[in-house]
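Structure at a glance
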Amino acid sequence: MRFKYLFFITAGLLVFLSGCSVSISREVDILPVEQDIITQPEPRFTYDNYWDAVQHFDFDYINRNKVNEEQRNFVRALKLSMEGKYEDAEKLLSNLFQQSSDSLMRENIAQVLSELMTYNNEWERLVDLDRRLPQGLDSLNTIAFARVFQSLPPENYNYPKDAIILPTKLSISGTPVIEVMVNGKKQKFWIDTGAEMTVLASDIAKECNVREFKDDIIKVGTSTDIMIDTWPGVINELKIGGLTIENHPTIIIDKKDLEFKIFKLIRILKIDGILGWNAIMNMHLEIDYKNGQTTIRKPKPSFNPDRNFHFISVPFLSLTDTLGTPFHFFLDTGSNATGLFKSSLTKLDTSNATNKTAIVGGAGGARKIRQTELYQQAFILGSHRLNFDKIHAHGEGKVYLMYFDGIIGSDVARNGTLVLDFRNGLCELKKDGDL
């Protein structure tokens, strides 16, 4: 439990300062897919060894090369996760961890196991896993969060019978914002799949009488490479319309690190709270960006043979380009726009790409970065084709064990509705006029 992808919280918030950012796409058109243009090509890229292949989602490597049974089973566990069979994946990985004598394999198994245990709120098992590694799970000791959460009453979701419909506004960066009740007090929360857990600013936590554990302050990195203080807390009652969440684990961040200022003087934005992945994953969400409305339902299990919404390290989507080449994009509704990581460049035509300087903002401040600008790129998400006039690539894209090809941001849904049904492995776009 290392909160590494707190890195992504509010990525791209300060793009208006320079007119460009790591995740900006200048123009995206959303069109229906013409199925007959999609073909499955021969692989255009290969990896030199087992771990490079696995970390880049090339699971077929084990069918093309000689591997041992342990390596084969590790890939099998990752594929089970992709299929939404998280309990089966965790069981297989636990057995592998006990049996393996390969230190690198044990380390990588522990990384994936820790994410699955966090996903399932298995705090005691997570603390035990940390004890079983000589070096622990991470150098920052964020396992302290799990030690706090294991002593608390279990989290509980109480859904109303009918769907919850909430007015929704967009933040200055395009992130959807809804009204919630934190221990009986109204607050505005961003809906951000890029936050590993629900986040509260320190002043809001105090105002709402949130139980805080300041003896367990941990420094984590942000999208601007700045280390900020965080500590665990628990919201006794988080109400979202008619939904009541009891004993909701949260990350608390000093309010100054959730403020954004021009020239460090003029405050232009302050975030009070973020509804994070640990809550979103338990909801069926329909965020209507165009009409300013969010609908929340209790997920109903259903068979979905075409799963495109997964979790390994982070919530991510399976896409293809128009030739059928697979891509894996981290889903970050807190990002103002879709972008690429450098790991995707081996799969794309970069002959006309250019390099530029931009500013990226996030919790803690802003910094300059170098990025690659690509033109006329298209990706397929479900039944829609995403056409980008320009799209930028920056950063290696590694989160925990895996390398991702890019980030899907809020721009893809600004003229329609984003449907998130993680429990059934479904993410789709809806536009006016879709059948």
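The preceding data block contains the structure.
In this text the structure is predicted, and so the values were computed from the model without any measurement.

What about the overall build of the protein?
Helix and strand counts for the protein stand at nine helices and 28 strands. Here the protein holds 435 residues, and the buried ones make up 59% of them. Pairs at least 24 apart in sequence give 67% of the contacts found in the protein among residues at least 6 apart.

Looking at helix H4 (residues 86-99)
Relative to the 20 Å expected for 14 residues at 1.5 Å per residue, H4 spans 20 Å between its end C-alpha atoms, a close match to the ideal helical length. Taken residue by residue, H4 has Tyr86, Ala89, Glu90, Leu92, Leu93, Ser94, Leu96 and Phe97 as its buried positions. Each element contacted by the buried residues of H4 is listed here: helix H3 (69-82), helix H5 (103-119), helix H6 (123-131) and strand E17 (309-312).

Points about unusual backbone geometry
Within the chain, Phe57 stands out as a residue other than glycine whose phi angle is a positive 65°. Topologically, Phe57 is positioned in the loop between helix H1 (50-55) and helix H2 (61-64). By relative accessible area, Phe57 is classed as buried at 10%. Residue Asn209 is not a glycine yet carries a positive backbone phi of 55°. When you line up the elements, Asn209 lands in the loop between helix H8 (202-207) and strand E8 (211-212). Given the relative accessible area of 59%, Asn209 is considered exposed.

Points about the packing of H4 against H5
Two numbers describe how H4 lies on H5: the axes approach to 10 Å, and their chain directions differ by 145°. Every pair of crossing elements has a handedness; the one defined by H4 and H5 is left-handed. Listed contacts from H5 to Tyr86, Ala89, Glu90, Leu93, Ser94, Leu96 and Phe97 of H4 are Arg106, Ile109, Ala110, Val112, Leu113, Leu116, Met117 and Tyr119. Residues that form the contact of H4 with H5 fall into these classes: 12 nonpolar, one polar and two charged.

Remarks on H3
Residues three or four positions apart in an α-helix share a direction because the helix packs 3.6 residues into each turn. Over its 14 residues, H3 runs 20 Å from end to end, which matches the ideal 20 Å to within 8%, given 1.5 Å per residue. Residues of H3 that are buried: Gln71, Asn73, Phe74, Val75, Ala77, Leu78, Leu80, Ser81 and Met82. If you check the start of H3, you find a side-chain oxygen 3.1 Å away from the backbone N of Glu70, and it comes from Asn68. Downstream of H3 by one or two residues, Gly84 has phi in the positive range, about 85°.

Here's the deal with the nonpolar core
Membership of the largest hydrophobic core comes to 130 residues, with the highest contact counts inside it found for Tyr50, Phe74, Ile240, Met283 and Leu386. Counting residues per element, this core draws most heavily on H5, which supplies eight residues. Ignoring sequence-local partners within four residues, the contact set of Tyr50 consists of Tyr61, Ile62, Val67, Gln71, Phe74, Val75 and Met105.

A few points about the pattern of salt bridges
Tallied over the entire structure, the rule returns 15 salt bridges. Among the salt bridges present, the one from Arg125 reaches Glu90, with a minimum N-O distance of 2.5 Å. Residue Arg125 is located in helix H6, and its partner Glu90 is located in helix H4; the two are separated by 35 residues in the primary sequence. As a salt-bridge pair, Arg297 and Glu286 come within 3.4 Å of each other at their nearest N and O atoms. Note that Arg297 is positioned in strand E16 (residues 293-297) and Glu286 in strand E15 (residues 284-288), a separation of 11 residues in sequence. Given a relative accessible area of 37%, Arg297 falls into the partly exposed group. Of the residues examined, Glu286 reaches a relative accessible area of 18% and is grouped as buried. Via salt bridges that share partners, Asp58, Asp60 and Arg64 belong to a single interconnected network.

Analysis parameters
Residues numbered from 1 in each chain as written. Predicted model: local features only at pLDDT ≥ 70, side-chain atom pairs only at ≥ 80, totals over all residues. Heavy atoms only, no water. Helix = DSSP H or I, 4+ residues; strand = E, 2+ residues; numbered from the N terminus. Buried < 20%, exposed > 50% of the residue type's maximum accessible area, 1.4 Å probe, protein only. Contact = heavy atoms within 4.5 Å. Expected span 1.5 Å × (residues − 1). Axes fitted to C-alpha atoms, helices over the stretch in contact; angles between N-to-C directions. Left-handed = near helix turned anticlockwise from the far one by under 90°. Nonpolar A, V, L, I, M, F, W, Y, C, P; charged D, E, K, R; others polar. Polar contact = N/O pair within 3.5 Å; in protein donor to acceptor, adjacent residues only side chain to side chain. Core = buried A, V, L, I, M, F, W, Y, C linked by side-chain atoms within 4.5 Å. Salt bridge = Lys/Arg side-chain N within 4 Å of Asp/Glu carboxyl O.

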